[in-house]
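# Coordinate inspection notes
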Amino acid sequence: MSKAMAVARMQLVTKWTYLGNPLVILAAAFLLSIAIFALIPVDEPKFGGGSQAPLWYFMVLGIQSMTLAFPFSQALSVSRRAFYLGTLGLFSVLAGAMTAIYLLGGIVERATNGWGVNGFFFALPWVADGPWYGTAVFYFTIMMFMFIIGFWFATIYKRWGTIGMLISLIGSAVLSLGIVALATLNQWWGSIGYWFVQQTPLTMGAWAAALCVVLASGSYLTLRRAIP
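Described in the following lines is the structure provided in the data block. Residue positions are counted from 1 within each chain, in the order its sequence is given. Totals for whole chains, interfaces and linings use all residues, but because this is a predicted model, local features are given only for residues with pLDDT of at least 70 and pairs of side-chain atoms are given and counted only at 80 or more. For side-chain calculations, the full set of non-hydrogen atoms in the structure is used, while hydrogens and water are omitted.

A word on the overall build of the chain. Secondary structure elements follow DSSP: runs of H or I of four or more residues count as helices, runs of E of two or more count as strands, with numbering from the N terminus. Assigned secondary structure in the chain consists of nine helices and two strands. Taken from N to C terminus, the helices and strands of the chain fall in the order α-α-β-α-α-α-α-β-α-α-α. Along the longest, intermediate and shortest principal axes, the C-alpha atoms of the chain span 60 × 50 × 30 Å. Exposed residues in this analysis have more than 50% of their type's maximum accessible area, buried residues have under 20%, and partly exposed residues fall in between, with area computed by a 1.4 Å probe over protein chains only. Of all 228 residues assigned to the chain, the portion counted as buried reaches 39%. Each accessible area value is a Shrake-Rupley result obtained with a 1.4 Å probe; residue values ignore everything except the protein chains displayed when judging cover. If you sum the accessible surface of the chain, you get close to 12,700 Å²; carbon and sulfur atoms cover 74% of it. In the chain, 11 side chains carry a positive charge and 4 a negative one; their mean positions are 40 Å apart. Counted charges follow a simple rule, with Lys and Arg positive, Asp and Glu negative, and His plus the chain ends left uncounted. In this description, the location of a charge corresponds to atom NZ of lysine, CZ of arginine, CG of aspartate or CD of glutamate.

And the structure:
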């Protein structure tokens, strides 16, 4: 555990990358969204998707945490297991902190009638309609999901190079197309749509968490053979 914590501290050597950039992206998206809400001349509640911007940056962080820090950690004789646990633990803390910001932002939005312009950036429909813990689970698992995807693709690149990356991307596209084709041929779209309608942020977060476990296991197995 001490080695894993040392890896987390090593990752935070570039504090601006892991702490500053997500907050800057969130603040910029928030201010732009509020400015747009204020310019819309309607009295109805206004909702925007700008709050997803930091979520996409978590994928970038997953890539950077592997490509930039992994070679350095191996030069320091850090085990792959310690590197993986330290990196995953760090991003769990970051995702938890960002989730807290989203929850507090939603509380303030409701208390101020959408920041005085009836605009909602954090408290989005469906996501914030249920209990607070459902919203928290949803945001946390989505952030971790984005991070693990970026981390795994970077690990694939370290393990098999550009060819491996291309094969994995093409394979993912072919698999997705196959699932779409199978659902279309068997006329499953109605059932799939009904299933999604029945989900809540808590249940969707639980499904995302299960998928994160699968992806995290795959990324660790790939990391064991990755080349610094």
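Patches here: salt-bridge-free residues with over 30% relative accessible area, like charges joined within 9 Å, nonpolar side chains (Val, Leu, Ile, Met, Phe, Trp, Tyr) joined within 5 Å. Here a salt bridge means any side-chain nitrogen of Lys or Arg lying within 4 Å of a carboxyl oxygen belonging to Asp or Glu. Taken together, the side chains of Ile163, Leu166, Ile167, Leu169, Ile170 and Val174 define a hydrophobic patch exposed on the protein surface, amounting to about 590 Å² of accessible area. Summarising the element assignment, Leu169 is placed in helix α7 (residues 132-185). Since its relative accessible area comes to 41%, Leu169 is described here as partly exposed.

So, about the environment of Trp115. The residue Trp115 is located in helix α6 (residues 114-118) in this model. Judged by its relative accessible area of 29%, Trp115 is partly exposed. Trp115 sits 81 residues away from Ile34 along the chain, and the two C-alpha atoms are 7.8 Å apart. Contacts are residue-level and defined by heavy atoms, with any inter-residue pair within 4.5 Å sufficient. Apart from the residues lying within four places of it in its own chain, the contact partners of Trp115 are Phe30, Ile34, Gly105, Val108, Glu109 and Phe122.

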